[in-house]
Amino acid sequence: MSIGKSIRDIILEGPLGISILPGASGLYELANISNSDIKLLINSFNTLADDFDIIIIDTSAGISKNVTSFITSSNETIVITTPEPGALADAYAIIKISREFCDKIHVVVNKADNYKEANRTMEKLSRSAKKFLNMQLNYLGFVLEDETVHKANMEQVAFFVNYPNSLASKCLMDIGRKLVYGEPLLPKTNVTLNSWFTRLVSIIKANTGVI
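Below you will find a few notes about this structure.

Calculation notes
- Residues numbered from 1 in each chain as written.
- Predicted model: local features only at pLDDT ≥ 70, side-chain atom pairs only at ≥ 80, totals over all residues.
- Heavy atoms only, no water.
- Helix = DSSP H or I, 4+ residues; strand = E, 2+ residues; numbered from the N terminus.
- Buried < 20%, exposed > 50% of the residue type's maximum accessible area, 1.4 Å probe, protein only.
- Areas by Shrake-Rupley, 256 points an atom, 1.4 Å probe, with all protein chains shown as cover.
- Core = buried A, V, L, I, M, F, W, Y, C linked by side-chain atoms within 4.5 Å.
- Pairing = 2+ DSSP bridges.
- Axes fitted to C-alpha atoms, helices over the stretch in contact; angles between N-to-C directions.
- Right-handed = clockwise from strand over helix to strand, strands pointing away.
- Patch = residues over 30% accessible without salt bridge, like charges linked within 9 Å, V, L, I, M, F, W, Y side chains within 5 Å.
- Salt bridge = Lys/Arg side-chain N within 4 Å of Asp/Glu carboxyl O.
- Polar contact = N/O pair within 3.5 Å; in protein donor to acceptor, adjacent residues only side chain to side chain.
- Contact = heavy atoms within 4.5 Å.

As a further point, take the overall build of the protein chain. Scanning the protein chain from terminus to terminus reveals 8 helices and 5 strands. Helices (α) and strands (β) of the protein chain occur, in sequence order from the N terminus, as β-β-α-α-β-α-β-α-β-α-α-α-α. The proportion of buried residues among the 211 residues of the protein chain is 33%. Here the protein chain displays about 13,700 Å² of accessible surface, and carbon together with sulfur accounts for 56% of that area.

In this section: the nonpolar core. Soluble globular proteins: nonpolar side chains tend toward being buried together. Val79, Ile95, Ile105, Val107, Leu125, Met135 and Leu137 are the most contacted members of the largest nonpolar core, which has 20 residues in total. Those elements that provide at least two residues to this core are helix 2 (65–72), helix 3 (85–98), strand 4 (104–112) and helix 4 (115–132). Among the nonpolar cores identified, the runner-up in size contains 10 residues, and Val108, Leu140, Ala168 and Ile175 belong to it.

This part takes up unusual backbone geometry. Despite not being glycine, Leu16 shows a phi value in the positive range, around 60°. With respect to the helices and strands, Leu16 occurs in the loop between strand 1 (12–13) and strand 2 (19–20). Accessibility expressed as a relative area gives 65% for Leu16, which makes it exposed. The backbone of Gln156 shows a phi angle near 55°, a positive value even though the residue is not glycine. In this fold, Gln156 is placed in the loop between helix 5 (147–155) and helix 6 (159–162).

Here we take up the sheet that holds strand 4. With parallel pairing, 3 strands are arranged side by side in an open sheet as 3-4-5. At either end of the open sheet lies a strand with only one pairing partner, and these are strand 3 (76–81) and strand 5 (138–144). On average, each strand axis in the sheet is tilted by 20° relative to the strand beside it, whichever way the strands run. Two strands pair when backbone bridges link them, and strand 4 and strand 5 are joined in this way by 6 bridges, in the parallel orientation.

Most of strand 5 sits out of view: 6 of its 7 residues are buried. Crossover connection from strand 4 via helix 4 to parallel strand 5: handedness right-handed.

Once that is clear, we can look at a nonpolar patch on the surface. There is a patch of nonpolar side chains on the surface, built from Ile54, Ile56, Ile78, Ile80, Leu179, Val180 and Tyr181 and spanning about 740 Å² of accessible area. When residues of the nonpolar patch are assigned to their parent elements, the largest contribution, 3 residues, is made by helix 7 (residues 167–182). Tracing the chain through its elements places Tyr181 in helix 7. Accessibility expressed as a relative area gives 70% for Tyr181, which makes it exposed.

Next up on the list: the side chain of Thr82. Checked against the element boundaries, Thr82 lands in the loop between strand 3 and helix 3. Overall, the relative accessible area of 16% leaves Thr82 in the buried class. In this structure the side chain of Thr82 is engaged in a polar contact, spanning 2.3 Å, whose partner is the side chain of Glu84. Setting aside its immediate chain neighbours within four residues, Thr82 contacts Ala87, Leu88, Asn110, Lys111 and Thr121.

The next subject is the pairing of strand 4. Counting buried positions along strand 4 gives 7 out of 9 residues, so the element sits mostly inside the fold. Strand direction decides the pairing type here: strand 3 and strand 4, joined by 6 bridges, are parallel. If you follow Ile78 over to strand 4, its bridge partner there is His106. Taken together, strand 3, helix 3 and strand 4 constitute a β-α-β crossover, and its handedness is right-handed.

So, on to the pattern of salt bridges. Tallied over the entire structure, the rule returns 1 salt bridge. We note a salt bridge from Arg177 to Asp174, for which the minimum N-O separation is 3.1 Å. Of this pair, Arg177 and Asp174 both sit in helix 7, separated by 3 residues, roughly a single helical turn. By relative accessible area, Arg177 is classed as partly exposed at 43%. Judged by its relative accessible area of 47%, Asp174 is partly exposed.

Here it is, written out as structure tokens:
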């Protein structure tokens, strides 16, 4: 591994105390790096352990190897779906994979016309999960279709920052409250950044046939 920037050098400071570590498309290059380089990466992640309360990984849609690697190395999954049938099918596929590895699976319905449509969407997923997977999902809430989201995208800024009183922002606040306060915390485990990243790399190596 060539000497470059430290992990702290590439973290971007976002709004409201949120820090962002930009992703990359070459996740599976990790499968081919040496054990010494893996240890270096793990040590880099460990330097951040005391700086953050929660780490959220924003994956792409679908069930690519990148997505499933992150799911299988994580404790919780938040599935974002919309009322469209295709989106529900993708959400169910993610839920089916996540149930084998995650302690809790949350669901958010995005781009709902109203709360009734959001509830109907969640009911469809819940019925399928209970019938075919014998499991319960945790419904975090919904985000209403809101023109300010499109407007904020065009302005290249988070809608919550520029339009904190919009419908979408209020929905997001409700979701955040439920995620943090609305459900009992998971039992404490020994999961650390070190153990999580080690598990992630081992999963990637297994998926690519690299031992």
